[in-house]
Amino acid sequence: MTEQPINLLSLDRMSMERFFQGMGEKSFRAKQLLQWVYQRKVTRFADMTDLSKELRQKLDISTNLDLPEIVSQQRSRDGTIKWLLRLKDGNCIESVYIPEQDRGTLCVSSQVGCGLNCTFCSTGRQGFNRNLDVDEIISQVWIANNVLETLEQSEEIVFDRHDNDQRRPVTNVVMMGMGEPLLNFDNVVSAMRLMMDDFSFGLSRRRVTLSTAGMIPAMDKLKDQCPVSLAVSLHAPDNALRDKLVPLNRKYPVEELLECCRRYVDSSNRQRVTFEYVMLKDVNDSIQHARALARLVSDVPCKVNLIPFNPFPDTQFERSGESVIAKFRDILLHRNIFTITRKTRGDDIDAACGQLAGDFKDRTSRSTRMSQHKVVFS
Ligand code: SAH
């Protein structure tokens, strides 16, 4: 039986060094290959001129550098760009680029769908299909940089660059797209290592953020193995409410989650964690909720990110009013908790937080069950 060609985009530097050693090659071939692929954007082995002809031929036979196909690219009036990408098995996922004055953030997906079923999230309502492979995660960054550089060359978009600013368009990555990244731990960590590798995209770990709904054991593992910036989807200040909004809370309750965040900050040398808090009208946005939240996080070095709820078809939730959000923020600020309200970006193309849907086969049949399901808030 012939072996399946291996996609070299699925190997971080260590695995690639092992791969080349296994071929009887020197391990520094890994660095050369990473530079060709990620820095020079070359994906044809024939063009990799500092590799011997013989090696290039061998790679051609036993490996590939296949990328997902871009099915569509939508641009929001605020500059946000959303891509729908078709994977090798036909499932489609989404990634979103959010340009800001001093940076360009790519929101990257980690799974096809999501298994967690947070009640206010469109991705969760679509159900779940599978974890993404390493190549499917890192490809999202490759594709975004490649498309954006092409748009920059044709002067369709302009980056605010200073002299000698060689930065790629994607300066920051947030693992906040479709899926729960910590339920795809090994692949997400390998892909993040690639994002941060000096021979690849070279992002600092401050510029790579992983957002989790609170998978406590995996957060501890992350702290030990790959301590990137951490964002935690809190959304409620107590267990009763959080159980309803983020069902994972029934397994990993709020007090234990907060304890875990403290451990993360203490031992990973991070300044603080970010708590995400989606603002849902009349559900979690009262003055009492704000005070309880302030008490809850008071001894964790943190920043709170208030996210105005982004609606999607058939949802039972509404966005809190602007003045309610401002009041909520002021209560936290008044208690010395650094708080910002996340600007809604790309909502005209359904690219805002929680709106990513992709196009895939649900293997849990949750999408059908959930369309009739409403959560009761007393
Ligand atoms: N599974 C990870 C990453 C997913 S999404 C997590 O739970 O953190 C990134 C953020 O968007 C999370 O904080 C998520 O709770 C939030 N979000 C989901 N649906 C939303 C919606 N409809 N409006 C606003 N934010 C939403």
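Structure first, text after, so check above.
Residues numbered from 1 in each chain as written. Predicted model: local features only at pLDDT ≥ 70, side-chain atom pairs only at ≥ 80, totals over all residues. Heavy atoms only, no water.

**Q** How do you make sense of helix α6 (residues 185-196) when you look at a structure like this?
**A** Compared with the 16 Å implied by 1.5 Å per residue over twelve residues, the 16 Å span of α6 between its first and last C-alpha is a close match. In terms of burial, α6 is largely enclosed, as nine of its twelve residues are buried. Burial in α6 covers these residues: F185, V188, V189, S190, A191, M192, L194, M195 and M196. On its buried face, α6 is in contact with α1 (13-22), α2 (29-39), α5 (134-153), β9 (172-175), β10 (208-212) and α7 (216-225). (Helix = DSSP H or I, 4+ residues; strand = E, 2+ residues; numbered from the N terminus. Expected span 1.5 Å × (residues − 1). Buried < 20%, exposed > 50% of the residue type's maximum accessible area, 1.4 Å probe, protein only. Contact = heavy atoms within 4.5 Å.)

**Q** Please clarify how the packing of aromatic side chains should be interpreted in this entry.
**A** Centre-to-centre distance and the angle between the planes together describe a pair of aromatic rings. What the rule picks out here adds up to five aromatic pairs. Their ring planes at 70° and their centres at 5.4 Å tell us that F19 and F20 sit as a pair that is edge-to-face. By relative accessible area, F19 is classed as buried at 18%. Relative to F201, the ring of Y38 has its centre 5.2 Å away and its plane inclined at 75°; by these criteria the two rings are edge-to-face. With Y38 in helix α2 and F201 in the loop between α6 and β10, the pair connects residues that are 163 residues apart, well separated along the chain. In this structure, Y38 and F201 share a single accessibility class: buried. The residue whose ring lies beneath R40 is W36, and the NZ or CZ to ring-centre distance is 4.2 Å. Above the plane of the ring of F185 lies K221, whose end atom (NZ or CZ) is 4.3 Å from the centre. (Phe/Tyr/Trp six-rings, centres within 6.5 Å; stacked < 30°, edge-to-face > 60°. Lys NZ or Arg CZ within 6 Å of the ring centre and 35° of its normal.)

**Q** Which parts of the structure should I look at to understand a positive patch on the surface?
**A** Where like charges cluster on the molecular surface, the positive patch consists of R291, R295, K327 and R335. Taking relative accessible area as the criterion, R291 reaches 39% and is therefore assigned partly exposed. (Patch = residues over 30% accessible without salt bridge, like charges linked within 9 Å, V, L, I, M, F, W, Y side chains within 5 Å. Areas by Shrake-Rupley, 256 points an atom, 1.4 Å probe, with all protein chains shown as cover. Salt bridge = Lys/Arg side-chain N within 4 Å of Asp/Glu carboxyl O. Lys, Arg positive; Asp, Glu negative; His and termini not counted. Charge placed at Lys NZ, Arg CZ, Asp CG, Glu CD.)

**Q** Looking at this structure, how should I read the environment of N336?
**A** Tracing the chain through its elements places N336 in the loop between α11 (322-334) and β14 (338-341). Of the residues examined, N336 reaches a relative accessible area of 73% and is grouped as exposed.

**Q** What is the right way to read the sheet that holds strand β3 (residues 69-75) from this model?
**A** Paired through backbone hydrogen bonds, the strands of a sheet run either parallel or antiparallel to each other. Taken together, ten strands build an open sheet; the order of strands is β3-β4-β5-β6-β9-β10-β11-β12-β13-β14 and the sheet is mixed. Edge positions in the open sheet fall to β3 and β14, since each of these has one partner strand only. In this sheet, neighbouring strand axes are inclined to one another by 20° on average, regardless of whether the strands run parallel or antiparallel. Judged from the three bridges that link them, strand β6 (residues 103-107) and β9 form a sheet pairing that is parallel. Looking at the pairing, L106 lines up with V173 of β9. Packed on one face of the sheet, α5 meets β3, β4 (81-86), β5 (92-100), β6 and β9 and runs near 130° to β4. The sheet contacts of α6 involve β9 and β10, and relative to β10 the element is tilted by about 160°. (Pairing = 2+ DSSP bridges. Axes fitted to C-alpha atoms, helices over the stretch in contact; angles between N-to-C directions.)

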